Amino acid sequence: MKFNKYFYLSAALAFALCSCSDNDETGGDFTPTIFNVMGKVEKGPMIRGSHVDMRTLDEYMTPTGSFYSATIDNNLGDFNYGTLKINSPYAQLTADGYFFNEVDGELSEGTIKLDAIVDLKDNSTINVNVLTHLKSKRIHHLVTTQGMTFKEANAQAQKELLTQFGLQQYASKDASQFSLTSGDDASGALIAISSLVLTDRSDAEIVEYLSILSNEFGTEGAFSQETKKKIQSGKNYLNTRLDRISENIKSRYKELGLEVKVKDLAYYFDSDNDGIA
């Protein structure tokens, strides 16, 4: 009888430990769920053959070990992982490839990497872009050092980032849903910030500048005074080039069979530097 008693107690304990381990790996009580994960990469659009990798994360932004890879299959930047049974709703996507430069109207000569950290429960159709990239390290920082949930960290990072460009009025829509081709205010905001990153820089300088922006914003939720001066200089450089940027975007997408409208970009730059575009 004692043997049976100890046997059942041991079995129950082992089951409980296994259950706890499963929950820890999948982020709380999340049940593995089927998602149809797809989207596009827009810096302008990344070109055909670029890669988009995805890692699932737990609620503490630690990789769970699951990894998926997709290839952009057209010059609109579209990718599709198909139907996946995923062990956590949180995922980090990393796109790597050549892109269309909307400021000079040419394809890049070098590659770029852009990240996005998302909750697939909110939306499994994802636009990876400059905004999602700049938010990623900030989200990770707020979750891992401030103890925030992903939802709290994402909302704070979204508002902080757009405020840095005077575009806080558009913070209610998640950056992973902003698109260059939507023809709305979100599109105007994305084009404005994307163009500021490109301003009169070589491909190598763009990569370097993105790293500076991402690192500063990641820890502070704001840019340094030196970086703010560079952003203001970028606005001045683009001031007489906004119509050309609009035409470059419309022309590129027309070549790809898509008619795109671009709103007046002057409304999405904080030209007088008063904190509101």
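Keep in mind that this is a model prediction, so the values were computed, not measured.

Rules and cut-offs
Residues numbered from 1 in each chain as written. Predicted model: local features only at pLDDT ≥ 70, side-chain atom pairs only at ≥ 80, totals over all residues. Heavy atoms only, no water. Core = buried A, V, L, I, M, F, W, Y, C linked by side-chain atoms within 4.5 Å. Buried < 20%, exposed > 50% of the residue type's maximum accessible area, 1.4 Å probe, protein only. Contact = heavy atoms within 4.5 Å. Helix = DSSP H or I, 4+ residues; strand = E, 2+ residues; numbered from the N terminus. Expected span 1.5 Å × (residues − 1). 1 Å grid on protein atoms, 1.4 Å probe; cavity = no way out; pocket = protein on both sides within 12 Å on 5 of 7 lines; lining within 4 Å. Points joined across faces, edges and corners; volume = space filled by probe spheres on them. Nonpolar A, V, L, I, M, F, W, Y, C, P; charged D, E, K, R; others polar. pLDDT = per-residue confidence, 0-100. Phe/Tyr/Trp six-rings, centres within 6.5 Å; stacked < 30°, edge-to-face > 60°. Lys NZ or Arg CZ within 6 Å of the ring centre and 35° of its normal. Pairing = 2+ DSSP bridges.

Grouped together as the largest cluster of nonpolar side chains are 65 residues, with contacts concentrated most on V37, V41, M54, Y81, L93 and V128. Discounting residues that sit within four places of it in the chain, V128 has contacts with K40, V41, E42, F79, L93, A95, L114, D115 and A116. Core analysis: the next-biggest nonpolar cluster, separate from the first, contains 10 residues, M61, L142, V143 and A153 among them.

Let us now look at helix 7 (residues 242–255). Between its first and last C-alpha, helix 7 extends 20 Å over 14 residues, near the 20 Å set by a 1.5 Å rise per residue. One or two positions beyond helix 7, positive phi appears at G257, with a value near 85°.

Taken as a whole, the largest pocket spans an internal volume of roughly 300 Å³. If you trace the largest pocket, you find 21 residues lining it, with D122, K135, N154, D174 and S176 closest to the centre. Among the secondary structure elements, those contributing two or more residues to the lining of the largest pocket are strand 8 (112–119), helix 2 (130–146) and helix 3 (150–164). Counting residues per element, the lining of the largest pocket draws most heavily on helix 3, at 5 residues. Along the lines of polarity and charge, the residues of the lining of the largest pocket split into 8 nonpolar, 8 polar and 5 charged.

Turning next to the confidence of the model for the protein. Put simply, the protein has an average pLDDT of 90, and 90% of its residues get 70 or more. The low-confidence segment residues 1–27 (pLDDT under 50) makes 11 contacts with residues lying over four places distant or belonging to another chain.

The final tally for this structure, using the stated rule, is 5 aromatic pairs. The interplanar angle of 40° and the centroid separation of 5.4 Å between the aromatic rings of Y90 and F150 together place this pair among those described as tilted. Here Y90, found in strand 5 (residues 90–97), pairs with F150, found in helix 3; they are 60 residues apart in sequence, far enough to count as distant. Taking the centre distance of 6.0 Å and the plane angle of 45° together, the rings of F217 and F223 count as tilted. Looking at F217, the relative accessible area reads 0%, which means it is buried. Take F223: its relative accessible area is 5%, and that puts it in the buried class. When the ring centre of Y209 is taken as reference, the NZ or CZ atom of R201 above it lies at 3.6 Å. Just above the ring of Y237 sits the side chain of R241; from NZ or CZ to the centre is 3.8 Å.

This brings us to empty space enclosed by the protein. The tally for this structure, following the rule as stated, stands at 1 cavity of 30 Å³ or more. The space that makes up the largest cavity amounts to roughly 40 Å³. Looking at the largest cavity, the residues that line it are F165, L167, A192, I193, L196, K235, Y268, F269 and D270. Sorting elements by how many residues they give to the lining of the largest cavity places helix 4 (residues 185–198) first, with 3 residues. Its residues assigned to classes, the lining of the largest cavity shows 7 nonpolar, no polar and 2 charged.

So, on to the pairing of strand 3 (residues 63–71). When a strand is regular, its side chains alternate between the sheet's two faces. Relative to strand 3, strand 2 (residues 51–57) is paired through 6 bridges, and the arrangement is antiparallel. By the bridge assignment for strand 3, D53 is matched with S69. Between strand 2 and strand 3, which pair antiparallel one after the other, the connecting turn spans 5 residues, and M61 there sits at a positive phi close to 65°.

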